[in-house]
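Structural overview
Letter by letter, the chains look like this.
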Amino acid sequence: MKNEMTLRGWLRKFGLAFSGLAWAIRNEGSFAVHLPAAALAFSGAALLQFDYGRWAVLVLTIGVVIVAELFNTALECLAKAVDDQPNEHIRLALDISSAAVLSSSLFAVGIGFFLFWQPFWFWWSPPLPN
Ligand SMILES: Nc1ncnc2c1ncn2[C@@H]1O[C@H](COP(=O)(O)OP(=O)(O)OP(=O)(O)O)[C@@H](O)[C@H]1O
C-alpha cells in the first residue's frame with residue numbers, strides 16, 4: 001500500500017484506526033467491563049479532586065489496559081484468519097495475549113488502590129476537632 005504523508009493520507013490513517021477502535025468496542029465483550037470500570041475510576045477521581053500527578057497515573061494505567069485489550073482483540077482476529085482449526089501455537093499465542101490483558105488489569109487494580117486510598121480516607125473521615 002502506498003505511503004501517503006499528505007493531510008488526506010493522515011486523515012485516512014486516523015479514520016481506519018478509529019473504525020478499528022469502534023469495531024473492537026462493539027465486538028469484544030471485555031470492553032463492556034473495561035469501559036464502565038474506567039468511567040467509574042474517572043468519576044471517583046473527579047469526586048475526590050485528584051491532583052495532576054494522580055490524574056496522570058490514572059490515565060496511563062487505564063490506557064495500558066485498553067491498549068492491551070486492543071492488541072488482544074487484533075491477535076484474535078488474526079488467529080481466526082491464519083487457522084480456524086485447533087492449533088497449538090495459536091492456542092498459546094491467544095492464551096498469552098489474554099494473560100497480558102489480565103496482568104494489566106490486576107496491576108491497574110493495585111495501582112488504583114494506591115491512588116485512591118488516601119484521598120478517599122480524607123474525604124470519608126470527619127475533620128479533626130480544634
Ligand atoms: N485455532 C485455535 N487453536 C487452538 N486453540 C484455540 C484456537 N482458537 C482459540 N483457541 C483457544 O480458545 C481460547 C479463546 O479463543 P478466542 O479468544 O479467540 O475466543 P473468544 O471466545 O472469541 O474469546 P473472547 O471472548 O476473549 O473474544 C484461546 O485463548 C485459546 O486457548
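Residues numbered from 1 in each chain as written. Predicted model: local features only at pLDDT ≥ 70, side-chain atom pairs only at ≥ 80, totals over all residues. Heavy atoms only, no water.

1. Quick word on the nonpolar core
Selection criterion: Grouping buried Ala, Val, Leu, Ile, Met, Phe, Trp, Tyr and Cys residues that are joined through side-chain atoms within 4.5 Å yields what is termed a nonpolar core. Between buried and exposed lies partly exposed: a residue is buried under 20% and exposed over 50% of the maximum accessible area for its type, with that area taken using a 1.4 Å probe on protein chains only. Runs of H or I in DSSP of at least four residues are treated as helices and runs of E of at least two as strands, each being numbered from the N terminus. Contacts are residue-level and defined by heavy atoms, with any inter-residue pair within 4.5 Å sufficient.
Ala24, Phe31, Ala38, Ala41, Ala45, Leu48, Phe50, Leu58, Ile62, Ile66, Leu115 and Phe116 together form the largest nonpolar core, which totals 12 residues. Among the elements of the structure, helix H2 (31–47), helix H3 (52–82) and helix H4 (88–124) are those that each provide at least two residues to this core. In terms of residues, this core owes the most to one element, H2, which gives 4 residues. Once residues lying within four places of it in the same chain are set aside, the contact partners of Phe50 are Ala45, Trp55, Leu58, Leu115, Phe116 and Pro119.

2. Description of the environment of Ser98
Mapping Ser98 onto the fold places it in helix H4. For Ser98, a relative accessible area of 36% puts it in the partly exposed group. When the C-alpha atoms of Ser98 and Glu76 are compared, they prove to be 9.7 Å apart, with 22 residues separating the residues in sequence.

3. Side note on the site of the ligand
The cut-off we apply is this: Any residue with a heavy atom positioned within 4 Å of a molecule or strand is treated as near that molecule or strand. Polar contacts, as used here, are pairs of N or O atoms within 3.5 Å; protein pairs need one atom able to donate a hydrogen and one able to accept it. Residues neighboring in sequence count only if both atoms are side-chain atoms. Computed with the Shrake-Rupley method and a 1.4 Å probe, the accessible areas treat only the protein chains shown as cover for residues. Charged residues are taken to be Asp, Glu, Lys and Arg, nonpolar residues to be Ala, Val, Leu, Ile, Met, Phe, Trp, Tyr, Cys and Pro, and polar residues to be all remaining types, Gly included.
Every residue close to the ligand is listed here: Glu28, Glu76, Lys80, Asp83, Gln85, Pro86, Asn87, Ile90, Arg91, Leu94 and Asp95. Within the side chain of Glu76, one N or O atom sits 2.9 Å away from an oxygen atom of the ligand. Backbone polar atom of Asn87 to a nitrogen atom of the ligand: 2.8 Å apart, as the coordinates give it. Computed on the free molecule, the ligand has an accessible area of 620 Å², of which 55% lies beneath the protein chains in the complex. In terms of residue count, H4 provides more of the shell around the ligand than any other element does, 4 residues in total. In terms of residue class, the shell around the ligand is made up of 3 nonpolar, 2 polar and 6 charged.

4. Focus on the UniProt feature "binding site: ATP" (unreviewed entry) in the protein
Short version of the rule: UniProt positions are given in the numbering used here, feature names are shortened, and annotations may be inferred rather than shown by experiment.
Mapped onto the present numbering, the UniProt feature "binding site: ATP" (unreviewed entry) falls at Glu28 and Glu76. In three dimensions, the annotated residues from a span of 49 residues occupy one location, with a maximal C-alpha spread of 10.0 Å. Of note, Glu28 is situated in the loop between helix H1 (7–27) and H2. Judged by relative accessible area, Glu28 falls into the buried class, the value being 13%. Discounting residues that sit within four places of it in the chain, Glu28 has contacts with Glu69, Thr73 and Glu76. If you trace the backbone, Glu76 turns up in helix H3.

5. A word on the UniProt feature "transmembrane region" (unreviewed entry) in the protein
When the UniProt feature table is mapped onto this chain, "transmembrane region" (unreviewed entry) is found at residues 53–71 and 92–117. A distance of 27 Å separates the end C-alpha atoms of residues 53–71, which is 100% helix and 0% strand. Segment residues 92–117 splits into 100% helix and 0% strand. End C-alpha atoms: 37 Å apart.

6. Overview of the packing of aromatic side chains
For clarity, the threshold we go by: Only rings of Phe, Tyr and Trp enter the pairing, Trp through its six-membered ring, and a pair is recorded when the two centres are within 6.5 Å. The plane angle decides the type: under 30 degrees is stacked, over 60 is edge-to-face, the rest tilted. Charges are assigned to positions over rings by a cutoff of 6 Å between ring centre and Lys NZ or Arg CZ, combined with an angular limit of 35 degrees from the ring normal.
Within this structure, the stated rule accounts for 8 aromatic pairs. Note that Lys13 overlies the ring of Trp10, its terminal NZ or CZ placed 5.6 Å from the centroid. Between Arg54 and the ring centre of Phe50, over which it is positioned, the NZ or CZ distance is 5.9 Å.

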